[in-house]
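Descriptive structure summary
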Amino acid sequence: MKYKFRLLLSFIIFLVFALGCFVFRSMPVAKIWNNYSVLYTDNSVPESTVLFYLEQAGCRGVISLSGQKVPPLSQFALPESIDGSYLTERMGYFRDETSRYQLFYVPDQYQEKAKAAAVSLIKGTGAEAGLDGHEQYPWMVPLICFLTYLLLTLGSKNKRVFMFSGFFPLLVSLSQPFYVVAAAVCLSLVAICLINGLWIRRKFFTAIFRSIYIDMLIVASLVIPFASSRTAGFLGLGAFFTVCIAFVFLKAIHEYREYRRSFSFVPIFSAWQIPVMYRRTAGYVLGSIIPLAALLVLFLVSTLVTTTSSMEGLSIPSPVLYGQKSNGKTLPDENSYFAWVWKTRAYPYRSLNDRSEIQAPVEGDRITSSHFTETSRGIVQSEDTIYTYNSKFRDRLKGEVKDFDYEAIEKLMIAQDETTTVAYNTGIESKSDSQHNATNMLLLFIAIAVPVVLYGVYFGFGRKKNENGKLHNSR
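Residues numbered from 1 in each chain as written. Predicted model: local features only at pLDDT ≥ 70, side-chain atom pairs only at ≥ 80, totals over all residues. Heavy atoms only, no water.

Some details on the packing of aromatic side chains
Inspection of the entire model under this criterion finds 30 aromatic pairs. Here the aromatic rings of Phe164 and Phe249 are separated by 5.5 Å at their centres, their planes lie at 25°, and the arrangement is stacked. Of the two residues, Phe164 sits in helix 6 (residues 159-175) while Phe249 sits in helix 10 (residues 230-260), which places them 85 residues apart along the sequence. A residue is classified by how much of its surface remains accessible, and Phe249, at 7% relative accessible area, is buried. Seen in terms of ring centroids, Phe167 and Phe168 are 5.8 Å apart; in terms of plane orientation they differ by 70°. Their pairing is edge-to-face. The exposure class assigned to Phe168 is buried, which follows from its relative accessible area of 4%. (Phe/Tyr/Trp six-rings, centres within 6.5 Å; stacked < 30°, edge-to-face > 60°. Helix = DSSP H or I, 4+ residues; strand = E, 2+ residues; numbered from the N terminus. Buried < 20%, exposed > 50% of the residue type's maximum accessible area, 1.4 Å probe, protein only.)

This is the structure we're talking about:
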């Protein structure tokens, strides 16, 4: 009876996990801007109507024309110090070059809701509307995981055990086909392969957590997805739990079969006494660098090769990366905003006799204030630096923008790459929101480093212990 209960409970957990992978599935989305999707609709629809549909769909933090204000200024700023050209030109973000369409910027987390809002808007008003993003399923990512799974199956001692338990991490790679997640799946498959060598021995489960090789692979396969996204992280955690249940499930089946037999064989050595890493398994660990390196190469290629946006034909504001050309009118970017703030804050500290225009700042420029102090040597002039135009100053401005109590277009500006300029473009080249991320590249390098380090540990320490005839694992 207890076997049936364990089997039934295991089946329920397997189904719940598979359902979770399906419900929380996601795909890389090719879109124009980092962190935002563009909703466009023709000008025949009042802006308030568009915002109503977005709000009804549950979208929050939408950047729109009516929501713009003059950014908060220094308490010492004077009205005549405000550069009106910047404030006027930034409004170009909210229309296409022909002024036929109005544009709205929706945060990434509301992308699906924005799609629903666009559909409702079209049905309710009959107006033309759409989003810039379109999904692209990168089949090569889960394919690399599947090939890794297949090769490790062929090399596993207990092939059926590995095939069944290793199937669940594969579901994560199908549900979250991102490079970082796939790297974590490959590491988890290697961990399962090492665990496979301890199968059916006494102290099986405790031996898993006594091996530094297995532990490092498990920790890396859990931490890396969380560093990518919470959804991927929780699915990775669910896969780990489901794999544990899979071993319990398989053990229950094994015990039931052994119970039905007239006699059964019991391995002499416990799992504690069996080395996890030896020449063959060390080769598997080192060989895992190949699929991980393939994922890194695909990632690097994806950052260089862009795809055409679904808004092709519309001339709308879009990023122009360094070195690219644009024939359209340029628009303010984050550096324009920094320069505007600099000019505004510099104005109160300039001489009243200086009527020249304040120039755009360059790296290292300073705003100073003169002080005169009476000393025994007479009146001495000194200067205090109020502002210095450098990365620290710009980072402080970015923090101020994030704290604005309204949805400013400057929030979109600072979410882009620092080398990005903005212009009206047609046939816009879009990029994947999951790929152009330095953090993901770092995580991929960390994933590659894990098997390298483990092989180094084995080559430097574990191999000698195995050669000396020690069977037990050491931590």
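A look at the pattern of salt bridges
For the structure on display, the rule yields six salt bridges. A salt bridge links Glu410 to Arg90; its shortest N-O distance comes to 3.0 Å. Linking Glu410 in helix 15 (residues 409-414) with Arg90 in the loop between helix 3 (84-89) and strand 3 (101-107), this pair joins segments that are 320 residues apart in sequence. For the residue pair Glu410 and Arg90, the accessibility class agrees, reading buried in each case. Across the pair Glu112 and Lys115 runs a salt bridge whose closest N-O atoms are separated by 3.5 Å. A residue pair is termed a helical-turn pair when its members lie 3 or 4 positions apart in one helix, as Glu112 and Lys115 do in helix 4 (residues 111-125) at three residues. Taking relative accessible area as the criterion, Glu112 reaches 51% and is therefore assigned exposed. The partly exposed category is assigned to Lys115, whose relative accessible area is 26%. (Salt bridge = Lys/Arg side-chain N within 4 Å of Asp/Glu carboxyl O.)

Quick word on helix 2 (residues 47-56)
Along an α-helix, residues three or four positions apart point the same way, because every turn accommodates 3.6 residues. Within the span of helix 2, buried status applies to Glu47, Val50, Tyr53 and Leu54. Along helix 2, the residues classed as buried sweep out an arc of 125° about the axis, all on the same side. Exposed side of helix 2, more than 90 degrees from the buried face: Ser48, Glu55 and Gln56 are the residues found there. At its buried positions, helix 2 is contacted by strand 2 (36-42), strand 3 and helix 4. The first or second residue beyond helix 2 is Gly58, which carries a positive phi of 100°. (Arc of directions from axis to C-beta. Contact = heavy atoms within 4.5 Å.)

Remarks on empty space enclosed by the protein
Applying the stated rule across the entire model yields one cavity of 30 Å³ or more. If you add up the space inside the largest cavity, you get close to 50 Å³. Every residue lining the largest cavity is listed: Trp33, Tyr93, Asp333, Glu334, Met413, Gln416, Asp417, Thr420 and Val422. When the residues that make up the lining of the largest cavity are grouped by side-chain class, the tally is four nonpolar, two polar and three charged. (1 Å grid on protein atoms, 1.4 Å probe; cavity = no way out; pocket = protein on both sides within 12 Å on 5 of 7 lines; lining within 4 Å. Points joined across faces, edges and corners; volume = space filled by probe spheres on them. Nonpolar A, V, L, I, M, F, W, Y, C, P; charged D, E, K, R; others polar.)

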